[in-house]
Amino acid sequence: EKLDDVVLKMPPPIFKLQEFIAHAEPVNCVVFGRKSGGVFGTGGNDKKINIWAVGKPNAVLSLAGNVSAVNTLQFDGKEESVVAGLASGGLRLWDLEQGKMIRTLPGHDAAVCSVDFHPYGQFVVSGAADSTIKIWDMRRKGCIQVYRGHTASVGSVRFCPDGRWIVSGAADCSVKMWDVTATRMAAEWRGHRGAVGALEFHPTELLLATAGTDRTVNLLDVESLRPVCSAAPDSAEVQCLAFHPAGQALFSASRDSLRCHAWEPYALLDARPVSWGRVVDIVVPSSKNLFAASISGNNVALWAADLDVFNLNRSTINPALESQLTLPSSRPKSPFFLPPLTRSAVPAAAAVLPPPPTTTTTTT
């Protein structure tokens, strides 16, 4: 067999894994479970949540009973439950093992746009079109904190890896950091020129990636929200972000490309064209694979990328991809841990949030 024939038979670096009708009405969201990367959930205007396994043609679970369209979803860290944010402003918590709704929360005064689980406890944060952010105690079945400060719809909210901070991005072009224990805004950055729709924390370093409708990707120091570096504008709105599990690269997805970034100093490591359209989530479950999901009407398409084909090495960058460093950085490369506040500064409502795990050292 000729080498050219073998090459022609090889799949492209990014290819469509499957496409299927996911709901009876238009799909609004798709989210992958971060633990395995092999399970994902979809929510639609039909008020249903469907749970799927990557590569399987049929839903493994269908959850009905939501009172309005499902706008956003998130799995917990163990992929045992899923929280849904609804167009009515409410939230619903579902137990996936039992296949039933276990919490109903009134939510916001407008549609919920984003939700996230606290990493170490039964708490959820939500951002909504009413410009507020709320923390929910799923055991007490109520809201324990409301943050106000944005002036437009909050499109993305995330707990930091140790759970002490929340970051939010909104249509008012701002990124805000909120201190969970002190119940106040800790920092703000207004470097975007469009709505901020994607936020992602580095798995081990004090680094936050942001992206939005202005087509830019920015990397910020978490402690100050000061810029570390920025990428040159993409060809379209950047819709999703995901760090490589080893932490050495950041992937960004727009409707027509997948890009791979490095920092300190900034470099565009790789860029691949892909016509996946409205891509709504990407996940990197291993150093070998990246999965993405895109939606169109009632349909969901799953995509796979072979990361062995991508350039993740700064020393072998294609000169055509090189981009200028926009901002220098003196950011410390330390594990993600922030010093605890004094107990007297912690309000009663916030005191129920669990502290991050601590490490004790024994000397002999």
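Residues numbered from 1 in each chain as written. Predicted model: local features only at pLDDT ≥ 70, side-chain atom pairs only at ≥ 80, totals over all residues. Heavy atoms only, no water.

(A) Here's a closer look at the overall build of the chain. Regarding its fold elements, the chain presents one helix and 28 strands. By residue count, 53% of the 364 residues in the chain fall in the buried class. Once local pairs closer than 6 in sequence are excluded, the contacts in the chain between residues at least 24 apart make up 48%. With the model as given, the accessible surface of the chain reaches about 16000 Å², and the carbon-plus-sulfur share is 51%. (Helix = DSSP H or I, 4+ residues; strand = E, 2+ residues; numbered from the N terminus. Buried < 20%, exposed > 50% of the residue type's maximum accessible area, 1.4 Å probe, protein only. Contact = heavy atoms within 4.5 Å. Areas by Shrake-Rupley, 256 points an atom, 1.4 Å probe, with all protein chains shown as cover.)

(B) Expanded view of the environment of A304. Topologically, A304 is positioned in strand β28 (residues 299–306). Along the primary structure A304 and K16 are separated by 288 residues, whereas in three dimensions their C-alpha atoms are 6.4 Å apart.

(C) Focus on the sheet that holds strand β8 (residues 91–95). Pairing in this open sheet of four strands is antiparallel, and the strands run β6-β7-β8-β9 from one edge to the other. Across the chains shown, the open sheet's two edge strands, defined by having one partner strand only, are β6 (70–75) and β9 (100–105). Within the sheet, the average angular offset between the axes of one strand and its neighbour, ignoring direction, is 25°. Taken together, the five bridges between strand β7 (residues 81–86) and β8 define a ladder with antiparallel strand orientation. Bridging from a neighbouring strand, A84 pairs with R92 of β8. (Pairing = 2+ DSSP bridges. Axes fitted to C-alpha atoms, helices over the stretch in contact; angles between N-to-C directions.)

(D) Highlighting the nonpolar core. Ranked by internal contacts, the top residues of the largest apolar core, which has 23 residues, are I14, F251, L258, W276, I282 and L290. Residues A211, V217, L241 and L268 belong to the second largest nonpolar core, which totals 16 residues. (Core = buried A, V, L, I, M, F, W, Y, C linked by side-chain atoms within 4.5 Å.)

(E) Representation of the sheet that holds strand β1 (residues 14–21). Taken together, four strands build an open sheet; the order of strands is β1-β28-β27-β26 and the sheet is antiparallel. Bordering the open sheet on either side are β1 and β26 (278–283), each of which pairs with just one other strand. Sheet twist, expressed as the mean angle between neighbouring strand axes with direction ignored, is 25°. For β1 and β28, the ladder comprises seven bridges, and the chain directions are antiparallel. Note on β28: the bridge partner recorded for K16 is W303.

(F) Examining the pairing of strand β4 (residues 49–53) more closely. Taking burial as the measure, the five residues of β4 include four buried ones, the bulk of the element. As defined by bridge partners, strand β3 (residues 39–44) adjoins β4 across five bridges and the pair is classed as antiparallel. Bridging from a neighbouring strand, G41 pairs with I51 of β4. Linkage of β3 to β4, two consecutive antiparallel strands, is achieved through a turn of four residues, within which K47 is found at a positive phi near 70°. Pairing geometry for β4 and strand β5 (residues 61–63), over three bridges, is antiparallel. Counterpart to I49 in the pairing with β5 is L63.

(G) Quick look at unusual backbone geometry. Residue P265 is reached from E264 by a cis peptide bond, and omega for that bond is -10°. As for its placement among the helices and strands, P265 is situated in the loop between β24 (257–262) and β25 (267–273). With a phi angle near 60°, E79 is a residue other than glycine that sits in the positive phi range. Tracing the backbone shows E79 in the loop between β6 and β7. For T183, which is not a glycine, the phi torsion comes out positive at approximately 50°. Structurally, T183 can be placed in the loop between β16 (175–179) and β17 (184–189). Exposure remark for T183: the relative accessible area of 24% places this residue in the partly exposed category.

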